[in-house]
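# Structural characterization, general
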Amino acid sequence: MAKRVAVGNNKGGVGKTTTVVRLAEALAKRGCRVLVVDLDPQGNASRRLGWTFDKDAPQLTISEAIRADEPGAAAQVIQPIGWEVEYADRIALCPARLELENRMSEAGVVGAHRRLAKALDGADGHFDYTLIDCPPSLFHLTQLGMAAADVAVAVTSPEYDAVEAAIRYRDFIANRAADLSNPGLELVGVVVNGLQAQLGSHAFQRDGLRETFGPLVWDPIVPRRSVVFDVDESALPLADFKADKAPEVRAVYELLAERFVKAVPAE
Ligand SMILES: Nc1ncnc2c1ncn2[C@@H]1O[C@H](COP(=O)(O)OP(=O)(O)OP(=O)(O)O)[C@@H](O)[C@H]1O
Ligand SMILES: [Mg+2]
C-alpha cells in the first residue's frame, strides 16, 4: 500500500509544488516508487515533471478519475513523467489541467469528498508513496486530498501570512478530518521553504515556527536559491542541472527525503 501524503497550505506561492516535485525526485533517487497526484487546476506539478498535454491524443487527467466516482479509477490516468534521468521511471503522475476546476461544482454532492480516495483505492498499491499536491485553498479540491491521505504535510515560507495559513491548514485538519471521513488524519511535518537567513524577518518567523509546531518542523530548512526556481522553470530534474548551487540544493532535498521517510515510513 502506498502511503498517501497531502501536501498543502492555505497560502499560494509558498513552495508546495516545488516540495512535492523535489521530494518525489529525491525519494525516487533513494529507490522509492512515487506517484504524484496533481490536485491543482494550475497543473504546475504536471508541467514541472515534464508532462505535456497532447491535444491530438488527449490524455486522461485526475479530473476524469474523480468524476468517475469508481474504485480504482485513477489507474486509468496514471502516466509516465517527461524527465529522462534513470530514476524517472520510479515516478508516475496523475496529471491535472484547468478542467479540474469543474470538480468544484460537485462539492455539494453526497459523498463527493471521498472521490479521490475511491479513485486511488486499488490504483496506487504498487507505489511506496502517493504525494498529493493541493491547491492553496482549504475548499473542495484540498478536501479531496485530505480525505484520501494517510498523513498531511504543510509547506510554508518563513513569512507571517504563510505561517498563519499553515496554522489554518493544521487546524482545519484537526477540526474537520472526521467530517471528511478520515478521523485519523494528522499533520506530521512542516517543511520550511525559501529561507533567506540574512533577513531578520525570516529568521524571526523560522524561530516562531519551531515554537508553534515544535518537532513537526522538519530539517533541513530549504534555502531560497535561484537554482530551485530555474529547475522548476525548465521542468528538469535537479540531477541534470549544472549550476553553482545545484549540489547544495540536491543535498538539501536528499536530507529532506531522509527526514520524510523517517516521519512517513513506507509499508
Ligand atoms: N527554495 C526556493 N528558492 C527559490 N525559488 C523557489 C523556492 N521554492 C519555490 N520557489 C519558486 O517559487 C515559486 C512558487 O513556488 P510553487 O509554485 O512551488 O509554490 P506553490 O505553493 O505550489 O504555489 P501555488 O499555491 O500557486 O500552487 C515558483 O516559481 C518556484 O520555482
Ligand atoms: Mg502549487
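Residues numbered from 1 in each chain as written. Chains lettered and ligands numbered in written order. Predicted model: local features only at pLDDT ≥ 70, side-chain atom pairs only at ≥ 80, totals over all residues. Heavy atoms only, no water.

## Brief notes about the pattern of salt bridges
Applying the stated rule across the entire model yields 17 salt bridges. Glu 25 is the salt-bridge partner of Arg 22, the closest N and O atoms lying 2.8 Å from each other. One end of the pair, Arg 22, and the other, Glu 25, are both in helix α1 (residues 16–29), three residues apart, so they sit about a helical turn from each other. For the pair formed by Arg 22 and Glu 25, the shared burial category is buried. Connected through salt bridges with shared partners, the residues Asp 69, Glu 99, Arg 103, Glu 106, Arg 115 and Lys 118 form a single ionic network. (Salt bridge = Lys/Arg side-chain N within 4 Å of Asp/Glu carboxyl O. Helix = DSSP H or I, 4+ residues; strand = E, 2+ residues; numbered from the N terminus. Buried < 20%, exposed > 50% of the residue type's maximum accessible area, 1.4 Å probe, protein only.)

## Overview of helix α6 (residues 160–176)
When the terminal C-alpha atoms of α6 are compared, their 24 Å separation across 17 residues agrees well with the 24 Å that a helix rising 1.5 Å per residue should span. Tucked into the core, α6 has its buried residues touching β1 (3–8), α5 (140–148), β6 (151–156), β7 (187–195) and α7 (200–213). (Expected span 1.5 Å × (residues − 1). Contact = heavy atoms within 4.5 Å.)

## A word on the side chain of Asn 9
Tracing the sequence through the fold places Asn 9 in the loop between β1 and α1. Polar contacts involving the side chain of Asn 9 include one to the main-chain carbonyl oxygen of Val 155, which spans 2.7 Å. Side-chain polar atoms of Asn 9 contact the backbone oxygen of Ala 162, separated by 3.4 Å. Those residues in contact with Asn 9 that lie beyond four places of it in its chain are Val 14, Lys 16, Pro 135, Pro 136, Ser 137, Val 155, Thr 156, Ala 162, Ala 165, Ala 166 and Tyr 169. (Polar contact = N/O pair within 3.5 Å; in protein donor to acceptor, adjacent residues only side chain to side chain.)

## Details of the pairing of β6
Of all six residues that make up β6, six are buried, and the element is covered over most of its length. Here β6 shows two buried faces, one formed by Val 151, Val 153 and Val 155 and the other by Ala 152, Ala 154 and Thr 156. Two elements, β6 and β7, share five bridges in a ladder whose sense is parallel. Its bridge partner being in β7, Val 153 is matched across the sheet by Gly 189. (Pairing = 2+ DSSP bridges.)

## Side note on the side chain of Asp 124
Relative to the elements of secondary structure, Asp 124 occurs in the loop between α4 (115–120) and β5 (129–133). Here Arg 4 takes part through its side chain, which lies 2.8 Å from a polar atom of the side chain of Asp 124. For Asp 124, the residues in contact, after removing those within four places along its chain, are Ala 2, Arg 4, Leu 35 and Thr 130.

## Some remarks on the sheet that holds strand β3 (residues 79–80)
Note on sheets: strands pair through backbone hydrogen bonds, and any given pair is parallel or antiparallel. Spatially, the eight strands line up as an open sheet ordered β3-β4-β2-β5-β1-β6-β7-β8, and their pairing is mixed. The outermost strands of the open sheet, each flanked by one partner alone, are β3 and β8 (222–223). Bridging between β7 and β8 involves two bridges; their strand directions are parallel. Pairing of Leu 195 across the sheet is with Pro 223, part of β8. Relative to the sheet, α1 contacts β1, β2 (34–38), β4 (91–94), β5, β6 and β7, its axis offset from that of β5 by approximately 165 degrees. Where α6 meets the sheet, its contacts fall on β1, β6 and β7, and the angle it forms with β6 comes to roughly 170 degrees. (Axes fitted to C-alpha atoms, helices over the stretch in contact; angles between N-to-C directions.)

## A word on the nonpolar core
With 48 residues, the main nonpolar core has Val 37, Ile 62, Leu 116, Met 146 and Tyr 169 as its most contacted residues. Apart from the residues lying within four places of it in its own chain, the contact partners of Met 146 are Ala 6, Leu 138, Tyr 169, Phe 172, Ile 173, Leu 180, Asn 182 and Leu 185. Residues Leu 27, Leu 49, Val 85 and Leu 238 belong to the second largest nonpolar core, which totals 44 residues. (Core = buried A, V, L, I, M, F, W, Y, C linked by side-chain atoms within 4.5 Å.)

## With respect to unusual backbone geometry
Omega for the peptide link from Asp 219 to Pro 220 comes to 0 degrees, which places this bond in the cis form. You can see Pro 220 is positioned in the loop between α7 and β8. For Asp 69, which is not glycine, the phi torsion reads 55 degrees and is therefore positive. As for its placement among the helices and strands, Asp 69 is situated in the loop between α3 (62–68) and β3. For Asp 69, a relative accessible area of 29% gives the class partly exposed. Of note in this structure, Ser 181 is not a glycine but carries a positive phi near 60 degrees. Along the chain, the position of Ser 181 falls in the loop between α6 and β7.

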